[in-house]
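The residues making up each chain are set out below.
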Amino acid sequence: MPPAAPTSTTSTSATPATPIRIPEHLLPRDGRFGSGPSKVRPEQMAALAAVGETLMGTSHRQTPVRSLVRRVREGVADLLGAPEGYEVLLGNGGATSFWDAATFSLARSRAHHAVNGEFSGKFYAGTNAAPFLEESEVVRAEPGSLALPAPSTAADVVAWAHNETSTGVASPVVRPAGGTDDALTLVDATSIAGATPVDLRESDVYYFSPQKAFASDGGLWLAVVSPAALARIEEIAASGRWIPESLALSQAVTNSRLDQTLNTPALATLVLLAEQLDWFRDNGGIEWAAARSRRSTDHLYAWADAREWATPFVADPAHRSPVVATIDLAASVPAGQVISALRENGVLDVFPYRKLGRNQLRVAAFPAVDPADVEALTACVDYVVERLGA
Ligand SMILES: *Cc1c(COP(=O)(O)O)cnc(C)c1O
């Protein structure tokens, strides 16, 4: 294993005395490669400016904003191919708040988790600490490898991440065989929803935040929920369990059906999200969006394979994320210096997940990111590494 990268990626102490100037012609047109918040397209920002004096600053209880929420709910259902009876819910607080809402409103007595990294681990920690639930079951992977949920006869919710953003491991969305019949599958799709096809019949709750593959801003969660999950929300709401109002999914069901949220949402986040949904639809939908991300990540993995000093972190190609590529660097190539040099040239946010602590680059290639810019990024990395004389 290469030594750990410096934990602070903003530190400039690792920068060599002579700053590295990457030639203009090598630079990407847009230098944003972060895993979230991620690149927002200029066209989305123009669309936001266009409603700057009509929709922005108006009531979320009136028709213009409710129509926008409807456009988002219908756009998500359409893009992801929501089966008959599935509904799109939304609420405030992002995927992190959704974990708490799911703990309160979906888990009956025991949760089962497959943990592949920090994000899937946080949801496990949440259900495991809930005083009204039994101890959670957990299957853990070594960072960079894949753990699948195991069959369980005790769990009534089974949770995993479709894309573990901290390691770049993608999981299949398939109901585990051999568990209890009425266990619900809860899939954290935060960093991959909209960037890969999915069969939602395999999932009861497919949830995400909009600041990743949907190129919007943070603050909201969205979830595509099955009839079984809707029934569970109703069952638990009627059970007498104390649930804080802002985390009660029964409130989200009632409000979402009215194209509203329990409390005030960020309107700009909704506008940017609706624009990205339209952009996907107008260009060919999920297959088109997925192909864009695939082209970028295929390039990144092939580029790494062709360098002596770079290796895809996820050893099994079948488990490599099609949206967030993690690339380990050899010890002779300090990632902190590469990341600093890139940043000074406007190429941003390719640092690894902080707690992973690896000598690594992590590149998010969401559909908004131009595959040509990803090719430019790797040319920039080659240039910087050569100048560092590693
Ligand atoms: C980013 C991320 C989250 C957290 O999203 P927030 O909107 O910051 O709450 C959760 N899960 C995964 C897989 C993520 O990538």
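What counts and how
- Residues numbered from 1 in each chain as written.
- Predicted model: local features only at pLDDT ≥ 70, side-chain atom pairs only at ≥ 80, totals over all residues.
- Heavy atoms only, no water.
- UniProt positions renumbered as here; feature names shortened; annotations may be inferred.
- Helix = DSSP H or I, 4+ residues; strand = E, 2+ residues; numbered from the N terminus.
- Rg over C-alpha atoms; globule rule 2.2 N^0.38 Å.
- Buried < 20%, exposed > 50% of the residue type's maximum accessible area, 1.4 Å probe, protein only.
- Contact = heavy atoms within 4.5 Å.
- Areas by Shrake-Rupley, 256 points an atom, 1.4 Å probe, with all protein chains shown as cover.
- Lys, Arg positive; Asp, Glu negative; His and termini not counted.
- Charge placed at Lys NZ, Arg CZ, Asp CG, Glu CD.
- Pairing = 2+ DSSP bridges.
- Axes fitted to C-alpha atoms, helices over the stretch in contact; angles between N-to-C directions.
- Near = heavy atom within 4 Å.
- Polar contact = N/O pair within 3.5 Å; in protein donor to acceptor, adjacent residues only side chain to side chain.
- Domains from an automatic or database assignment.
- Buried area = accessible area lost by both parts, 1.4 Å probe.
- Salt bridge = Lys/Arg side-chain N within 4 Å of Asp/Glu carboxyl O.

- The name given to the protein chain in an unreviewed UniProt entry is phosphoserine transaminase, with the source organism recorded as Salana multivorans.
- Recorded in UniProt under Sequence similarities (unreviewed entry), the annotation for the protein chain is "Belongs to the class-V pyridoxal-phosphate-dependent aminotransferase family. SerC subfamily."
- The protein chain has a UniProt comment under Pathway (unreviewed entry) that states "Amino-acid biosynthesis; L-serine biosynthesis; L-serine from 3-phospho-D-glycerate: step 2/3."

### A few points about the overall build of the protein chain
Inference 1: If you tally the helices and strands in the protein chain, you get 10 helices and 12 strands.
Inference 2: For 390 residues, the compact-globule estimate of 2.2 N^0.38 gives 21 Å, and the protein chain sits close to it at 21 Å.
Inference 3: When its C-alpha atoms are laid out on the principal axes, the protein chain stretches across 65 × 50 × 35 Å.
Inference 4: Burial status across the protein chain gives 55% buried among its 390 residues.
Inference 5: By sequence separation, contacts in the protein chain at least 24 residues apart represent 76% of the contacts at least 6 residues apart.
Inference 6: Of the accessible surface of the protein chain, which amounts to about 16000 Å², a share of 52% is contributed by carbon and sulfur atoms.
Inference 7: Side chains of the protein chain carry 32 positive and 43 negative charges; the gap between the two charge centres is 3 Å.

### Thoughts on the sheet that holds strand β9 (residues 220–225)
Inference 1: Strand order in the open sheet formed by 7 strands is β1-β9-β8-β7-β4-β2-β3, and the pairing between neighbours is mixed. With partners counted over all chains shown, the strands left at the sheet margins are β1 (87–92) and β3 (137–140), one partner each. Going from strand to strand, the sheet's axes swing by 20 degrees on average, the running direction of each strand aside.
Inference 2: Sheet analysis places β1 next to β9, joined by 6 bridges and oriented antiparallel. Across the sheet, E87 pairs through a bridge with V225, a residue of β9.
Inference 3: Contacting β1, β8 (205–208) and β9, helix α2 (residues 63–80) crosses the sheet at an angle of about 130 degrees to β1.
Inference 4: In the packing of helix α4 (residues 118–129) onto the sheet, contacts are made with β2 (111–115), β3, β4 (157–161), β7 (184–188) and β8, and the angle to β2 comes to roughly 155 degrees.

### As for the site of the ligand
Inference 1: Taken together, 13 residues surround the ligand, and among them T96, T165, D188, S209 and K212 come closest.
Inference 2: Backbone polar atom of A95 to an oxygen atom of the ligand: 3.3 Å apart, as the coordinates give it.
Inference 3: Within the contact set of the ligand, a nitrogen atom lies 2.6 Å away from a side-chain nitrogen or oxygen of D188.
Inference 4: The protein chains hide 87% of the 380 Å² of surface that the ligand would expose on its own.
Inference 5: Among the elements that make up the shell around the ligand, the one with the highest residue count is helix α3 (residues 94–105) (4 residues).

### What to know about the domain arrangement of the protein chain
Inference 1: As far as domains go, the protein chain holds domain 1 (24–41 + 285–388) and domain 2 (44–281).
Inference 2: For domain 1 versus domain 2, the separation of C-alpha centres amounts to 27 Å.
Inference 3: On the side of domain 2, 34 residues touch domain 1, which itself brings 32 residues to the contact.
Inference 4: In total, about 2600 Å² of surface goes out of reach between domain 1 and domain 2, with carbon and sulfur atoms giving 62% of it.
Inference 5: For the pair domain 1 and domain 2, the number of links is 11 residue pairs in polar contact (both at pLDDT 80 or more).
Inference 6: When residues of the side of domain 1 that touches domain 2 are traced back to their parent elements, those giving at least two are α8 (286–305) and β11 (324–329).
Inference 7: Among the elements that line the side of domain 1 that touches domain 2, the one with the most residues is α8, at 7 residues.

### Looking at the pattern of salt bridges
Inference 1: In total, this model carries 22 salt bridges according to the counting rule given.
Inference 2: Here K355 makes a salt bridge to E118, at a shortest N to O gap of 3.5 Å. Separated by 237 residues along the polypeptide, K355 in the loop between α9 (335–344) and β12 (360–364) and E118 in helix α4 bring together distant segments of the chain.
Inference 3: The class for K355 is exposed, based on a relative accessible area of 51%.

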